[in-house]
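# Remarks on the overall topology
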Amino acid sequence: MEEAVLRKCMQEGRSSLNEIEAHDLLNDWGIPTAPGGLARDEMEARELARELGFPVVMKVLSPQIQHKAAAGGVRLDLRSEQDIAEAFVQITDSTRRAVPEATIQGVFVQRQVDSGLEIILGAMHDDHFGPVVTFGLGGQYVEILRD
């Protein structure tokens, strides 16, 4: 699976994985993530949230948007179907205003986890240094602490 995902990403000219691809790879490697899935519209988002159980988080899925929160593409602590409906509209409207050229593929709806440690993990190949791995505190701490 890993090679197929990476090959698809390269064929599409992308330098990073989307949320779903990243979660699939992490789970394949035995690194647990909170369950979630893609919703292409508000109805799918509501259905997915019911299946996952509340509360959930929603994040925009777009190849052009890497920093989702900065583009208004993240909503946390959604506890009802009404919250889901409002968040879907807010996310799509905010991200369209912030990045008008973005292709919005939908939103990633994920069960919210209230405990544990959120991390950031990344890898790339630098022309001067070779393979480089990024690892640190995730979520808001990436920006606040510059970890």
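First things first, this report covers the structure right here in the doc.

Conventions used here
Residues numbered from 1 in each chain as written. Predicted model: local features only at pLDDT ≥ 70, side-chain atom pairs only at ≥ 80, totals over all residues. Heavy atoms only, no water. Pairing = 2+ DSSP bridges. Helix = DSSP H or I, 4+ residues; strand = E, 2+ residues; numbered from the N terminus. Axes fitted to C-alpha atoms, helices over the stretch in contact; angles between N-to-C directions. Contact = heavy atoms within 4.5 Å. Parallel < 35°, antiparallel > 145°, perpendicular 65-115°, else oblique. Left-handed = near helix turned anticlockwise from the far one by under 90°. Salt bridge = Lys/Arg side-chain N within 4 Å of Asp/Glu carboxyl O. Buried < 20%, exposed > 50% of the residue type's maximum accessible area, 1.4 Å probe, protein only.

Spatially, four strands are ordered S1-S4-S2-S3 in an open sheet, and the strand pairing comes out antiparallel. Looking at the sheet topology across the chains shown, the edges are occupied by strand S1 (36–39) and strand S3 (74–78). Adjacent strand axes in the sheet meet at a mean angle of 20 degrees when their direction is disregarded. As defined by bridge partners, strand S2 (residues 56–61) adjoins S3 across three bridges and the pair is classed as antiparallel. Bridge pairing in S3 links Val56 to Leu78. This element, helix H2 (residues 19–28), spans S1, S2 and strand S4 (106–111) of the sheet and lies at about 35 degrees to S4. Strands S1, S2, S3 and S4 of the sheet are contacted by helix H4 (residues 81–98), whose axis makes an angle of about 170 degrees with S3.

So, about the packing of helix H3 (residues 42–52) against H4. Their axes nearest at 9 Å, the elements H3 and H4 cross at an angle of 140 degrees. In this view, H3 runs oblique relative to H4, as classed from their interaxial angle. Here H3 runs over H4; the crossing is right-handed. Where H3 abuts H4, its residues Glu42, Ala45, Arg46, Ala49 and Arg50 lie against Glu81, Ile84, Ala85, Phe88 and Val89.

Right, let's get into the pairing of strand S5 (residues 119–126). For S5 and strand S6 (residues 130–137), the ladder comprises eight bridges, and the chain directions are antiparallel. If you follow Ala123 over to S6, its bridge partner there is Val133. The loop that links S5 with its antiparallel partner S6 comprises three residues.

Looking now at the pattern of salt bridges. Scanning all chains against the criterion turns up 11 salt bridges. Between Arg14 and Glu12 there is a salt bridge, and its shortest N-O distance comes to 2.8 Å. Glu12 sits in the partly exposed class, given a relative accessible area of 46%. With a closest N to O distance of 2.9 Å, Glu81 and Arg50 form a salt bridge. With Glu81 in helix H4 and Arg50 in helix H3, this residue pair connects regions lying 31 residues apart in the sequence.

The next thing to look at is the environment of Leu78. Residue position: Leu78 is located in strand S3. For Leu78, a relative accessible area of 7% gives the class buried. Put simply, Leu78 and Val5 are 73 residues apart on the chain and 30 Å apart in space, counted from C-alpha to C-alpha. Setting aside residues up to four positions removed in sequence, Leu78 forms contacts with Phe54, Pro55, Val56, Met58, Asp83, Ile84, Ala87 and Gln112.

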